[in-house]
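Next come the chains, spelled out residue by residue.
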Amino acid sequence: MNYADGEVKQKIRKVYDDLTPVEKSTADFFLNNTKQMDFNSKNVSKLLYVSEATLSRFAKKCGFKGYRELIYVYLKDLAGSVKEKDISTLSAKVRNTYLNLLEESYELLDEAQMKRLANLVNKCHRVSVYGMGSSGFAANEFKLRFMRTGLYVEAITDSQIMQMNSALVNEENLVIAISLSGKTKEILTGIRLAKENSAKVVLITANKNVKEKEYCDEVLYVSMMKNLDGGTMISPQFPVLVMIDIFYTYYFENDSYFKAKKHRETLTALHEIQREQK
């Protein structure tokens, strides 16, 4: 049987890359275990061939006061775990990655910022969303979602058009730039140029050390895991789409009657085209 991640496993996964090799072996034990047993420090130290001091340091790195608190919460996690249908280890890994990213997304959520962003979009006459690679797909999704509410929005995924657009914007325009890594040169150049032309700028990124944030009116941080931007296991745009969905909800609530009306009108127009094509 597989179990959904509890609080302890989520904390372990967050710090896993920063653990020492010995601590990682301890982490692997707690991540893979699904059975109730004697978790006394002496018993576990003998089982894992580690010292009790190592268990204590491991617990503190995971955010607990000590090993006893870690085990207290871990036992509650095991007791409350919901058994799910049997799935392969690979499938469970994908599922847990999505769950952890979703959990981290809500930890990063700043509701006051979401309200500011919604107001920012409402005040702008035109919105340009920049994105390249997987971020380009997220930019197009943003366009499709928000255009249906009557917002004039365009997704720009070509580097040359991106730079031309940044040179043409003004104080009535908003540029939303998406870069998980925060290192895409074309995106960063576009941010600087857009701000020099007095546009409002919002950056969506997982990198908290982006130098160009000084050119941004808002920086919306999203969750990130090692190698996520490579898209080797799950879609790298997932954490961006989660934040876009949350942002959309706040935006829609502001003058929801008008936006719902526009949404119905755009859907009706699409249905008319589809009927004519049949």
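Residues numbered from 1 in each chain as written. Predicted model: local features only at pLDDT ≥ 70, side-chain atom pairs only at ≥ 80, totals over all residues. Heavy atoms only, no water.

> Which parts of the structure should I look at to understand the packing of helix α8 (residues 134-147) against helix α11 (residues 238-253)?
Helix-helix packing is characterised by the crossing angle of the two axes and by the distance between the axes. Here α8 crosses α11 at 20°, and the two axes come no closer than 11 Å. Considering their axes alone, α8 and α11 lie roughly parallel with respect to each other. In the crossing of α8 with α11, the sense of the turn from one axis to the other is right-handed. Contact residues: Ala138, Glu141, Phe142, Arg145 and Phe146 in α8; Val240, Leu241, Ile244, Asp245, Phe247, Tyr248 and Tyr251 in α11. (Axes fitted to C-alpha atoms, helices over the stretch in contact; angles between N-to-C directions. Helix = DSSP H or I, 4+ residues; strand = E, 2+ residues; numbered from the N terminus. Parallel < 35°, antiparallel > 145°, perpendicular 65-115°, else oblique. Left-handed = near helix turned anticlockwise from the far one by under 90°. Contact = heavy atoms within 4.5 Å.)

> Looking at this structure, I do not really get the side chain of serine 223. What am I missing?
Assignment of secondary structure puts serine 223 in the loop between β7 (218-221) and α11. With relative accessibility at 1%, the residue serine 223 sits in the buried group. Polar contacts involving the side chain of serine 223 include one to the main-chain carbonyl oxygen of leucine 101, which spans 3.2 Å. At 3.3 Å, the side chain of serine 223 forms a polar contact with the side chain of serine 105. (Buried < 20%, exposed > 50% of the residue type's maximum accessible area, 1.4 Å probe, protein only. Polar contact = N/O pair within 3.5 Å; in protein donor to acceptor, adjacent residues only side chain to side chain.)

> Even after reading the chapter, I still don't get the pattern of salt bridges, so can you show me in this structure?
When charged atoms on two side chains of opposite charge get close, those side chains can pair. What the rule picks out here adds up to seven salt bridges. In this structure, the salt-bridge partner of glutamate 23 is lysine 61, at a minimum N-O distance of 2.8 Å. Taken as a pair, glutamate 23 in helix α2 (residues 21-32) and lysine 61 in helix α4 (residues 52-61) lie far apart in primary sequence, 38 residues in all. With a relative accessible area of 39%, lysine 61 lands in the partly exposed category. (Salt bridge = Lys/Arg side-chain N within 4 Å of Asp/Glu carboxyl O.)

> Help me understand the nonpolar core, please; the structure alone is not making it clear to me.
It is characteristic of soluble globular proteins that their nonpolar side chains tend to be buried jointly. Grouped together as the largest cluster of nonpolar side chains are 33 residues, with contacts concentrated most on Val127, Phe142 and Phe146. Listing elements by their share of this core, those giving two or more residues are α7 (111-123), β3 (126-130), α8, β5 (173-178), β6 (200-205) and α11. Counting residues per element, this core draws most heavily on α11, at nine residues. What phenylalanine 142 contacts, discounting residues up to four positions off in sequence, is Val127, Val129, Val153, Ile176, Ile244 and Phe247. Of all hydrophobic cores here, the second largest spans 23 residues; its members include Ile12, Leu19, Leu31 and Leu78. (Core = buried A, V, L, I, M, F, W, Y, C linked by side-chain atoms within 4.5 Å.)

> For this particular structure, what's the right way to read the sheet that holds β6?
Strands belonging to one sheet form pairs held by backbone hydrogen bonds; the direction of such a pair is parallel or antiparallel. As summarised here, the arrangement of the five strands in space is β4-β3-β5-β6-β7, forming an open sheet in which the pairing is parallel. Looking at which strands have only one partner, the edges of the open sheet turn out to be β4 (153-156) and β7. Strand-to-strand twist of the sheet, defined as the mean angle between neighbouring strand axes without regard to direction, takes the value 20°. As paired strands, β3 and β4 are joined by four bridges and run parallel to one another. Counted as the bridge partner of valine 127 is valine 153 from β4. Running over the sheet, α7 touches β3, β5, β6 and β7 and is turned about 125° from β7. Sheet contacts for helix α10 (residues 185-196): β3, β5 and β6; angle to β6, the most-contacted strand, approximately 160°. (Pairing = 2+ DSSP bridges.)

> Any chance you could explain the packing of helix α9 (residues 159-168) against α10 here in plain terms?
Where α9 meets α10, the closest approach of the two axes is 8 Å, and the angle between their N-to-C directions is 10°. Classed by the angle they form, the pair α9 and α10 counts as roughly parallel. Of α10, the residues touching α9 (which contributes Ser159, Met162, Gln163, Ser166 and Ala167) are Glu186, Ile187, Thr189, Gly190, Leu193 and Ala194. Looking at side-chain class alone, the contact of α9 with α10 contains five nonpolar, five polar and one charged residues. (Nonpolar A, V, L, I, M, F, W, Y, C, P; charged D, E, K, R; others polar.)

> I would appreciate a short explanation of the packing of aromatic side chains in the present structure.
Two descriptors summarise a pair of aromatic rings, namely the distance from one centre to the other and the angle between the planes of the rings. Scanning the entire structure with this criterion turns up twelve aromatic pairs. Taken together, a centroid distance of 4.0 Å and an interplanar angle of 10° make the contact between phenylalanine 142 and phenylalanine 146 stacked. One end of the pair is phenylalanine 142 and the other is phenylalanine 146, both in helix α8 and four residues apart, which spans about a single turn. Residue phenylalanine 142 shares its accessibility class with phenylalanine 146, and that shared class is buried. Consider the rings of phenylalanine 142 and phenylalanine 247, whose centres lie 6.1 Å apart with planes at 35°: the pair is tilted. Taken together, the residues phenylalanine 142 in helix α8 and phenylalanine 247 in helix α11 connect sequence positions 105 residues apart. Just as phenylalanine 142 is buried, phenylalanine 247 falls in that class too. Of the aromatic side chains, those joined through ring pairs into one cluster are Phe29, Phe30, Phe39, Phe58 and Tyr74. Just above the ring of phenylalanine 64 sits the side chain of lysine 11; from NZ or CZ to the centre is 5.6 Å. (Phe/Tyr/Trp six-rings, centres within 6.5 Å; stacked < 30°, edge-to-face > 60°. Lys NZ or Arg CZ within 6 Å of the ring centre and 35° of its normal.)

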